[in-house]
Amino acid sequence: MTPAQDRPARLAGVTVVVLAAGAGSRMHSAQPKVLHPLLGRPMALWTLDAARLAGVASSVVVLSPATEALRAELPAETLVAVQAEPRGTGDAVRNALAVLPRGVTELVIACGDTPLLTPADILGVAEARAATNGPLALAAFVANDPTGYGRVACNDEGQALSVVEERDATEEERELDLVNAGLYAVDRAWLDQQITALAPSAASGEIYLTDLVAAAARAGTPAGLYVGDASELEGVNDRRQFADAAAGLRERINDAHMAAGVLILDPTTAWIEPSVTIAPDAVIEPGVALSGTTTIGARSRIGSHSSIIDSLIGADCVITASTVEGSTLHDAVDVGPYAHVRPGCEIESKVHIGNFAELKSARVRAGAKVGHHSYLGDVEIGAGANIGAGTITANYDGKEKHATVIGEGVFTGVGTLLVAPVVMGAGSKSGAGAVITTDVKPGDLVVGVPARSLSKAE
Ligand code: UD1
Ligand code: CA
């Protein structure tokens with residue numbers, strides 16, 4: 001695909017209308033279809049984003065009371081039209097026209113349930129209209145299984161004569177495998193005239209936008225046709241199609257990372273959201289999920305069954321079957337297996353975080369080791385410290401959280417319990433099972449419950 005930034009000028013006068021007011025009943029979900037997240041982004045936003053990348057001048061999204069929650073996710077400059085009830089795609093466009101600024105003369109209309117659309121498709125349909133010099137063009141594709149789509153009948157010049165919805169189609173029409181993608185380019189003045197003439201379908205009572213195609217043909221100006229690829233134009237009506245769309249987007253994202261030098265061992269099981277950046281020579285093992293504003297540094301290996309959420313992972317890190325969220329890891333940190341780095345951690349270089357370690361709001365300085373089974377919350381851990389197996393910060397007294405400071409080079413014995421707020425001075429040590437309730441002086445050794453200094457007697 002030609003990069004969209006080379007071509008936006010062609011669409012600079014075009015406004016996109018995204019239809020997102022439908023209930024999406026075929027999903028059998030309490031959540032409206034257009035809000036279902038695909039790789040971390042509500043379905044309808046994928047369509048909107050493709051239009052933005054194609055260079056459209058402005059965007060209108062049609063919502064209904066049922067899909068109103070999408071409003072909060074829209075870019076600030078998006079216009080919103082409200083369709084009180086989902087009375088069909090024609091009615092949705094009627095509502096869009098009501099909020100459209102006067103100066104808008106050209107529209108591209110797209111459905112909020114076609115998340116695989118690319119900027120090239122949007123440009124393609126606009127160009128198809130420009131080529132016919134008529135009022136309307138639509139995008140179509142040859143479907144392996146046309147079930148559920150409107151069938152497109154054409155003339156010999158490759159112009160569309162009509163779109164027949166499946167429920168209204170004759171046996172013969174159902175045999176047609178060229179189907180309507182639900183993507184149109186249309187002249188605004190013509191649409192203003194035509195939209196009021198659309199009558200509800202006898203079969204469903206809905207007002208079909210697709211009836212415009214026959215109207216254009218009747219007027220002697222048949223719609224232009226842009227025939228695109230099913231892998232970009234397929235719609236999502238049910239859970240099966242949703243899974244297919246997710247796979248298509250996943251594949252596109254992973255292909256781009258691989259082309260840029262990332263090693264993805266099994267691109268069919270690596271789920272990487274579009275907001276993630278990965279440096280070359282990073283390795284993504286099977287079954288990894290990378291989401292939100294995550295960055296993975298060069299040569300880092302993200303092991304199977306790891307989830308990295310909103311985190312910055314430096315270069316040369318190794319994450320094994322672990323979850324890291326809302327945290328920053330510097331270079332050459334290793335984590336896991338089965339560790340949980342919770343939000344607010346900053347882990348400096350060459351830190352080792354081993355099996356079953358849980359950290360939260362922890363600042364761990366360079367070279368420290370948190371080997372096994374521990375909970376470290378609201379804590380600062382000094383450079384080179386060695387945290388023994390089973391060390392726990394008791395950071396919560398039932399009402400408030402308190403901080404623990406573990407100095408440089410500290411060694412905690414296995415099963416040490418730090419009752420916060422408490423400080424272990426640099427170079428201090430605790431014996432196995434120590435319960436530390438008061439500050440430990442630098443270099444001291446404390447043991448017992450509650451922990452006492454062994455050097456106190458001197
Ligand atoms: C529609 C087309 C069909 C095409 C298919 C492509 C019509 C009548 N049919 O069928 O020819 O092959 O898309 O995927 O247009 N929507 C509203 N308000 C409504 C109804 C729908 O905003 O009152 C929105 C939905 O949220 C959805 C889009 O319009 O994003 C398409 O609606 P949907 O009901 O999925 O149409 P299809 O039956 O798939
Ligand atoms: Ca649909």
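Reference entry: report on the structure contained in this document. These figures come from a predicted structure and were not determined experimentally.

### Considerations on unusual backbone geometry
Right, on to step 1. Cis geometry is found at the peptide bond from Gly 336 to Pro 337, where omega equals 5°.
Right, on to step 2. Note on placement: Pro 337 falls in the loop between strand 24 (334-335) and strand 25 (340-341).
Right, on to step 3. Each neighbour pair has its own omega, and for Ala 420 with Pro 421 the value is 5°, a cis peptide bond.
Right, on to step 4. A positive phi angle, close to 60°, is found at Asn 133, a residue other than glycine.
Right, on to step 5. Relative to the helices and strands, Asn 133 resides in the loop between helix 3 (119-132) and strand 7 (136-142).
Right, on to step 6. With a relative accessible area of 71%, Asn 133 lands in the exposed category.
Right, on to step 7. Phi at Ala 321 takes a positive value of approximately 40°, unusual for a residue other than glycine.
Right, on to step 8. Residue position: Ala 321 is located in the loop between strand 21 (318-319) and strand 22 (323-325).

### Remarks on the coordination of the calcium ion (ligand 2)
Right, on to step 1. In the first shell of the calcium ion (ligand 2), the protein supplies Asp 113 (OD) and Asn 237 (OD1), at 2.2 to 2.4 Å from the metal. Taken together, the residues Asp 113 in the loop between strand 6 (106-111) and helix 3 and Asn 237 in the loop between helix 7 (230-233) and helix 8 (239-259) connect sequence positions 124 residues apart. We note that Asp 113, like Asn 237, is buried.

### Details of the site of ligand 1
Right, on to step 1. Near ligand 1, the surroundings consist of 26 residues, among which Gln 83, Gly 88, Thr 89, Glu 165 and Asn 180 are the closest.
Right, on to step 2. Separating an oxygen atom of ligand 1 from a backbone N or O atom of Arg 87 is a distance of 3.2 Å.
Right, on to step 3. Here Glu 165 contributes a side-chain N or O atom positioned 2.7 Å from an oxygen atom of ligand 1.
Right, on to step 4. The protein chains hide 91% of the 760 Å² of surface that ligand 1 would expose on its own.
Right, on to step 5. Looking at the shell around ligand 1, the elements that each hand over two or more residues are helix 2 (89-99) and strand 10 (178-187).
Right, on to step 6. Of all the elements, strand 10 adds the most residues to the shell around ligand 1, at three residues.
Right, on to step 7. A class-by-class count of the residues in the shell around ligand 1 yields 11 nonpolar, 10 polar and five charged.

### Focus on the environment of Arg 250
Right, on to step 1. Among the structural elements, Arg 250 can be located in helix 8.
Right, on to step 2. Looking at Arg 250, the relative accessible area reads 10%, which means it is buried.
Right, on to step 3. As a C-alpha pair, Arg 250 and Asp 266 span 16 residues in sequence and 12 Å in three-dimensional space.
Right, on to step 4. In this structure Arg 250 touches Leu 39, Pro 267, Thr 268, Ala 270 and Trp 271, once residues within four positions along its chain are discounted.

### Looking at the side chain of Asn 155
Right, on to step 1. By secondary structure assignment, the location of Asn 155 is in the loop between strand 8 (151-154) and strand 9 (160-164).
Right, on to step 2. Looking at Asn 155, its side chain comes within polar contact range of the main-chain nitrogen of Glu 157, at 3.0 Å.
Right, on to step 3. Here Gln 159 takes part through its backbone nitrogen, which lies 2.9 Å from a polar atom of the side chain of Asn 155.
Right, on to step 4. Residue contacts for Asn 155: discarding those within four places in its chain leaves Leu 161 and Pro 222.

### Here we look at the pattern of salt bridges
Between side chains of opposite charge, pairing is possible as soon as their charged atoms come close.
Right, on to step 1. Applying the stated criterion across every chain, the model contains 17 salt bridges.
Right, on to step 2. Arg 342 is the salt-bridge partner of Glu 358, the closest N and O atoms lying 2.6 Å from each other. Here Glu 358, found in strand 28 (residues 357-364), pairs with Arg 342, found in the loop between strand 25 and strand 26 (346-347); they are 16 residues apart in sequence, far enough to count as distant.
Right, on to step 3. A relative accessible area of 27% means that Glu 358 is categorised as partly exposed.
Right, on to step 4. A salt bridge links Arg 363 to Glu 346, with the nearest nitrogen and oxygen atoms 3.6 Å apart. Taken together, the residues Arg 363 in strand 28 and Glu 346 in strand 26 connect sequence positions 17 residues apart.

### Things to note about the pairing of strand 10
Right, on to step 1. Burial of strand 10 is extensive: nine of the 10 residues sit out of reach of the surface.
Right, on to step 2. Inspection of the sheet shows strand 6 paired to strand 10 by four bridges, in the antiparallel sense. Of the residues in strand 10, the one forming a bridge with Leu 107 is Val 186.
Right, on to step 3. Two strands pair when backbone bridges link them, and strand 7 and strand 10 are joined in this way by six bridges, in the antiparallel orientation. Bridging across to strand 10, Ala 137 finds its partner in Ala 185.

### Notes on the side chain of Thr 78
Right, on to step 1. With respect to the helices, strands and loops of the structure, Thr 78 is situated in the loop between strand 4 (58-63) and strand 5 (79-82).
Right, on to step 2. Looking at Thr 78, its side chain comes within polar contact range of the main-chain oxygen of Pro 75, at 2.7 Å.

### Brief notes about helix 5 (residues 188-195)
Right, on to step 1. Buried within helix 5 we find Arg 188, Trp 190, Leu 191, Gln 194 and Ile 195. The buried side chains of helix 5 occupy one side of the element, clustering within an arc of 155° when seen end-on.
Right, on to step 2. Against helix 2, strand 6, strand 7, strand 10 and helix 6 (211-218) lie the buried residues of helix 5.

### Focus on the sheet that holds strand 12 (residues 263-264)
Right, on to step 1. Spatial ordering of the open sheet is given by 12-15-18-21-24-27-29-31-34-37-39-40, a layout of 12 strands whose pairing is mixed. One side of each edge strand has no neighbouring strand; the edge strands of this open sheet are strand 12 and strand 40 (452-453).
Right, on to step 2. Alignment of strand 37 (residues 429-430) against strand 39 (residues 445-447), held across two bridges, turns out to be parallel. Paired with Ser 430 across the bridge in strand 39 is Val 446.

Cut-offs applied
- Throughout this description, residue numbers start from 1 for each chain and increase along the sequence as written.
- To label them, take the chains in the order written and letter them from A, then take the ligands in the order written and number them from 1.
- Where local features are concerned, this predicted model is filtered to residues with pLDDT of at least 70; where side-chain atom pairs are given and counted, the filter is 80 or more; whole-chain, interface and lining totals use all residues.
- Hydrogens and water molecules were not included; the side-chain quantities draw on all heavy atoms of the structure.
- What counts as a helix is a DSSP run of H or I of at least four residues, what counts as a strand is a run of E of at least two, and both are numbered from the N terminus.
- Relative accessibility thresholds used throughout: buried, under 20% of the residue-type maximum; exposed, over 50%; partly exposed, between the two (1.4 Å probe, protein chains only).
- Here a donor is any nitrogen, oxygen or sulfur atom (N, O, S) within 2.8 Å of the metal, with 3.2 Å used for Na, K and Ca; water is not among the atoms considered, so some sites may look incomplete.
- To be near a molecule or strand, a residue needs just one of its heavy atoms within 4 Å of it.
- Polar contacts here mean pairs of N or O atoms no more than 3.5 Å apart (in protein, one a potential hydrogen donor and the other a potential acceptor; neighbouring residues in sequence count only if both atoms are side-chain atoms).
- Surface accessibility in these figures is a Shrake-Rupley result with a 1.4 Å probe; residues are shielded only by whichever protein chains are displayed.
- Each residue receives one of three labels: charged for Asp, Glu, Lys and Arg, nonpolar for Ala, Val, Leu, Ile, Met, Phe, Trp, Tyr, Cys and Pro, and polar for the others, Gly being one of them.
- By definition, residues are in contact when any of their heavy atoms lie within 4.5 Å.
- Salt bridges are counted wherever a side-chain nitrogen of Lys or Arg sits within 4 Å of a carboxyl oxygen of Asp or Glu.
- In this analysis, strands are considered paired if DSSP registers two or more bridges between them.
- Summarising the geometry, the arc corresponds to the directions from the helix axis toward the C-beta atoms.

Remember, this is a structural readout, not a statement about activity or role.
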